[in-house]
Amino acid sequence: MAIKIIALMCLILLSFGVSCSTATKSYAKNMDPKTLELNKHQKLTHFHLYWHDTVSGTKPSSVAVLPPRDNATVFGEVNMFDNPLTVGPELDSQLVGRSQGFYAASAQDKIGLLMAMNFVFTHNKYKGSSFTVLGRNPVDDAVREMPVVGGSGKFRFASGYALAKTHYFNPATFDAIVEYDIYVLHY
C-alpha cells in the first residue's frame with residue numbers, strides 16, 4: 001500500500017513538474033514598448049488620394065475572379081485589383097502608389113462591398129511602406145467610412161480610418177475613380 005501511495009505521489013509531482021515547465025515556455029510574452037522604439041509619440045498623417053478602378057478595356061486594373069450570383073446587387077462577385085493611386089483625379093496626375101487587394105459584393109439587398117486593400121506607396125518618404133484598409137463599403141452612400149487596421153514599414157502599428165467618395169462612375173463600363181481621405185496614426 002505504501003508503494004502505491006509513493007508511486008501516486010511521484011506521478012502527481014511529475015505531472016506538476018511537467019505543467020510547470022510547459023507554463024514557463026509560453027508562446028507569448030509581455031514586452032516593454034520601448035523595445036520596438038514605441039515610446040515616441042504617434043503621428044497623424046492625412047492622405048488625400050484618388051483610386052482608379054478600371055474594369056473595362058484591354059488592360060484593366062481590376063478583374064472579376066468570381067461571377068455574381070445575383071445580377072441586381074452583383075452579390076457574390078469578387079474582384080482582384082492593382083489600382084493606381086494618384087494625387088489628382090486624372091489618371092495621368094502624379095502616381096504615388098498602388099492599391100492592391102480585392103472587393104467582394106457581400107450585400108444581398110443593395111450594392112455593398114467588403115474591401116480588403118493595401119495602400120502601397122512608391123514615392124518619397126513613404127516609398128516601400130503600406131497600410132491596410134479592411135471594411136464595409138456601401139457604395140450608394142455619398143461618404144463611406146472604413147477602418148485602417150495595420151501597416152508595414154513607416155506604418156507599423158497603424159490605425160485610423162478612410163473616407164471614400166465616388167468622384168466618377170461609368171455605369172456602362174463600371175470604371176470608377178474614388179476620392180480617399182485617409183487618416184493614419186503611426187509611429
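Further up the page is the structure itself.
Note that the structure is a prediction, hence the values are computed from the model and not measured.

Q: In this structure, what is going on with the side chain of His52? I would like to understand it.
A: Tracing the sequence through the fold places His52 in strand S1 (residues 43–53). Among the polar contacts made by the side chain of His52, one reaches the side chain of Thr86 at a distance of 2.7 Å. Beyond its immediate stretch of four places on either side in the chain, His52 contacts Ser61, Asn83, Pro84, Thr86, Gly88, Pro89, Glu90, Leu91, Ala176 and Ile177.

Q: What am I meant to see in the environment of Leu95 here?
A: Tracing the sequence through the fold places Leu95 in strand S4 (residues 95–105). Linking Leu95 and Thr122, residues 27 residues apart in sequence, is a C-alpha distance of 8.2 Å. When near neighbours in sequence (up to four residues on either side) are disregarded, Leu95 contacts Pro84, Leu85, Thr86 and His123.

Q: Got a minute to help me understand the nonpolar core in this structure?
A: Across soluble globular proteins, nonpolar side chains show a tendency to be buried alongside one another. The biggest cluster of nonpolar side chains holds 26 residues, and the ones touching the most others in it are Phe47, Trp51, Met117, Phe119, Phe131, Tyr180 and Ile182. Secondary structure elements with two or more residues in this core: S1, strand S3 (78–86), S4, strand S5 (113–121), strand S6 (130–137), strand S7 (144–152), strand S8 (159–169) and strand S9 (176–186). For this core, the element with the highest residue contribution is S5, accounting for five residues.

Q: Can you help me understand the environment of Ala104 in this one?
A: Note on placement: Ala104 falls in strand S4. Its relative accessible area of 12% is what places Ala104 among the buried residues. Here Ala104 is in contact with Glu77, Val78, Gly112, Leu113 and Leu114, once residues within four sequence places are set aside.

Q: Would you mind going over a nonpolar patch on the surface with me for this structure?
A: On the surface, Val63, Val65, Leu66 and Met80 cluster together into a nonpolar patch covering about 330 Å² of accessible area. Sorting elements by how many residues they give to the nonpolar patch places strand S2 (residues 62–66) first, with three residues. Checked against the element boundaries, Leu66 lands in strand S2. Classification of Leu66 by relative accessible area gives partly exposed; the value is 46%.

Rules used in this analysis
- For every chain, the first residue of its written sequence is number 1, and the numbers climb from 1 along that sequence.
- This being a predicted model, a pLDDT of at least 70 is required before a residue's local features are given, and a value of 80 or more before pairs of side-chain atoms are given or counted; all residues contribute to the totals for chains, interfaces and linings.
- The side-chain values count all of the structure's non-hydrogen atoms but skip hydrogen atoms and water molecules.
- Under the DSSP-based scheme used, a helix requires at least four consecutive residues in state H or I and a strand at least two consecutive residues in state E, with every element numbered from the N terminus.
- Polar contact is defined as a pair of N or O atoms within 3.5 Å, subject to the rule that within protein one atom must be able to donate a hydrogen and the other to accept it, and that residues adjacent in sequence are counted only when both atoms are side-chain atoms.
- Any two residues whose heavy atoms approach within 4.5 Å at even a single point are treated as in contact.
- The set of buried Ala, Val, Leu, Ile, Met, Phe, Trp, Tyr and Cys residues whose side-chain atoms join them within 4.5 Å is what this entry labels a nonpolar core.
- Buried, partly exposed and exposed residues are distinguished by accessible area as a fraction of the type maximum, computed with a 1.4 Å probe on protein chains only: under 20%, between the cut-offs, and over 50%, respectively.
- A patch is a set of surface residues, each over 30% in relative accessible area and not in a salt bridge, joined within 9 Å for like charges and within 5 Å for the nonpolar side chains Val, Leu, Ile, Met, Phe, Trp and Tyr.
- Shrake-Rupley sampling with a 1.4 Å probe provides the accessible areas, and residues are treated as covered by the protein chains on show and by no other component.
- Here, a salt bridge means any side-chain nitrogen of Lys or Arg that lies within 4 Å of a carboxyl oxygen of Asp or Glu.

The analysis is restricted to geometry; functional conclusions fall outside its scope.
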